[in-house]
Amino acid sequence: MFDKLGTKGIAGVVLLVAGLGIVAYQAPIVAAGIALVVAGLGLVASGLVQSVMGMFGMA
């Protein structure tokens, strides 16, 4: 999985986890909500990518 992300992707994941950790240190419930929002955005983006790839006949 990490080979497909590239350097920028790995750095983004690290920053995302670090930011979530900082928020969780102060407010765990807020951090849980942010984690759910980020997971939801990831699922939406994945669905959009699959749909576009399907339209171009690549999926």
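Just so it is clear, the structure is predicted and the values come from calculations on it, not from any experiment.

Student: Before we go on, may I ask you to explain the overall build of the chain in this structure?
Tutor: Assigned secondary structure in the chain consists of two helices and zero strands. For the chain, the spread of C-alpha atoms along the three principal axes comes to 45 × 25 × 15 Å. Scored against the burial criterion, the 59 residues of the chain give a buried share of 2%. Counting only carbon and sulfur atoms, one obtains 78% of the accessible surface of the chain, whose full area is about 4,900 Å².

Student: I keep staring at a nonpolar patch on the surface and nothing clicks. Help me out?
Tutor: A grouping of Val-49, Val-52, Met-53, Met-55, Phe-56 and Met-58 is seen on the molecular surface, where their side chains present a nonpolar patch of about 640 Å² in accessible area. One can find Met-58 in the segment after α2 (28-55).

Student: I would appreciate a short explanation of α2 in the present structure.
Tutor: Along an α-helix, residues three or four positions apart point the same way, because every turn accommodates 3.6 residues. The end-to-end C-alpha distance of α2 is 41 Å, a good match for the 40 Å that 28 residues give at a rise of 1.5 Å each. Residue Gly-57 follows α2 closely and has a positive phi angle near 75°.

Reading guide: rules and limits
Residues numbered from 1 in each chain as written. Predicted model: local features only at pLDDT ≥ 70, side-chain atom pairs only at ≥ 80, totals over all residues. Heavy atoms only, no water. Helix = DSSP H or I, 4+ residues; strand = E, 2+ residues; numbered from the N terminus. Buried < 20%, exposed > 50% of the residue type's maximum accessible area, 1.4 Å probe, protein only. Areas by Shrake-Rupley, 256 points an atom, 1.4 Å probe, with all protein chains shown as cover. Patch = residues over 30% accessible without salt bridge, like charges linked within 9 Å, V, L, I, M, F, W, Y side chains within 5 Å. Salt bridge = Lys/Arg side-chain N within 4 Å of Asp/Glu carboxyl O. Expected span 1.5 Å × (residues − 1).

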